[in-house]
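These are the residues of each chain, in order.
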Amino acid sequence: MLFAQLKAAKSREAAEGLEGAIRKVWMASGSASIGLLMSHGLKALAAKDYEDALFYFDEVVSLAPHYSEGWNKRSAVHFLLNDYSAALADLEHVLRLEPRHFEALAGLAVILEDLGDKKGALDAYRRALELDPWLEGVPARIRHLKPEVEGRGI
């Protein structure tokens, strides 16, 4: 329901509210322990203490392997540490558990673009935008990559 509403949103303001509601659902682990570990991990991530953030998110994915947001946040830390291989592996878990995770798709696109896979990046950006037409920065990345990947029309 939220995804359909997001896709049909008529304004950026409406989309932001729906994005927030979706993020809230993604963050809900159903476990006080996992919630506490996530809270500590997010605080460490915000403080740019990536070592501690990684510790907490490692614990989350170990204790709750079916909780997609643990994988997603750990992927973000791996990305910030320039460990693209680990980030990609975590994103694979996120998208297996929640194929509609538009933020994970956008993150995948950024990594693929950085690695030079422009076609893969363009595909991932498009998949993310299909789920969230208001995703910040994504239309510009698509406009930039499209001529490189698909060429220019005659």
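These numbers were taken from a predicted model, which means no experiment stands behind them.

Caption draft 1: Fine view of the nonpolar core. Core analysis: the biggest nonpolar cluster contains 32 residues, and Leu6, Ile22, Phe102, Leu108, Tyr125, Leu135 and Val138 have the highest contact counts within it. Broken down by secondary-structure element, the contributors of at least two residues to this core are α1 (2–8), α2 (12–27), α6 (84–97), α7 (102–114), α8 (118–131) and α9 (138–150). If you look at the next biggest cluster of nonpolar residues, it comprises 13 residues, including Leu37, Leu45, Val60 and Val77.

Caption draft 2: Region of the structure containing the packing of aromatic side chains. For the structure on display, the rule yields five aromatic pairs. Considering the side-chain rings of Phe3 and Phe102, the 6.4 Å spacing of their centres and the 75° angle between planes classify their relative orientation as edge-to-face. Placement of the pair is Phe3 in helix α1 and Phe102 in helix α7, with a sequence separation of 99 residues. Here Phe3 falls in the buried class, since its relative accessible area comes to 15%. The buried category is assigned to Phe102, whose relative accessible area is 0%.

Caption draft 3: Just the packing of helix α3 (residues 32–46) against helix α4 (residues 50–63), in detail. At their nearest, the axes of α3 and α4 sit 7 Å apart, and the two run at 155° to each other. Put simply, α3 runs roughly antiparallel to α4. Both α3 and α4 take part in a crossing whose hand is left-handed. In contact with Ile34, Leu37, Met38, His40, Gly41, Leu42, Ala44 and Leu45 of α3, α4 contributes Tyr50, Asp52, Ala53, Tyr56, Phe57, Glu59, Val60 and Leu63. Looking at the contact of α3 with α4, its residues break down into twelve nonpolar, two polar and two charged.

About the thresholds
Residues numbered from 1 in each chain as written. Predicted model: local features only at pLDDT ≥ 70, side-chain atom pairs only at ≥ 80, totals over all residues. Heavy atoms only, no water. Core = buried A, V, L, I, M, F, W, Y, C linked by side-chain atoms within 4.5 Å. Buried < 20%, exposed > 50% of the residue type's maximum accessible area, 1.4 Å probe, protein only. Helix = DSSP H or I, 4+ residues; strand = E, 2+ residues; numbered from the N terminus. Phe/Tyr/Trp six-rings, centres within 6.5 Å; stacked < 30°, edge-to-face > 60°. Axes fitted to C-alpha atoms, helices over the stretch in contact; angles between N-to-C directions. Parallel < 35°, antiparallel > 145°, perpendicular 65-115°, else oblique. Left-handed = near helix turned anticlockwise from the far one by under 90°. Contact = heavy atoms within 4.5 Å. Nonpolar A, V, L, I, M, F, W, Y, C, P; charged D, E, K, R; others polar.

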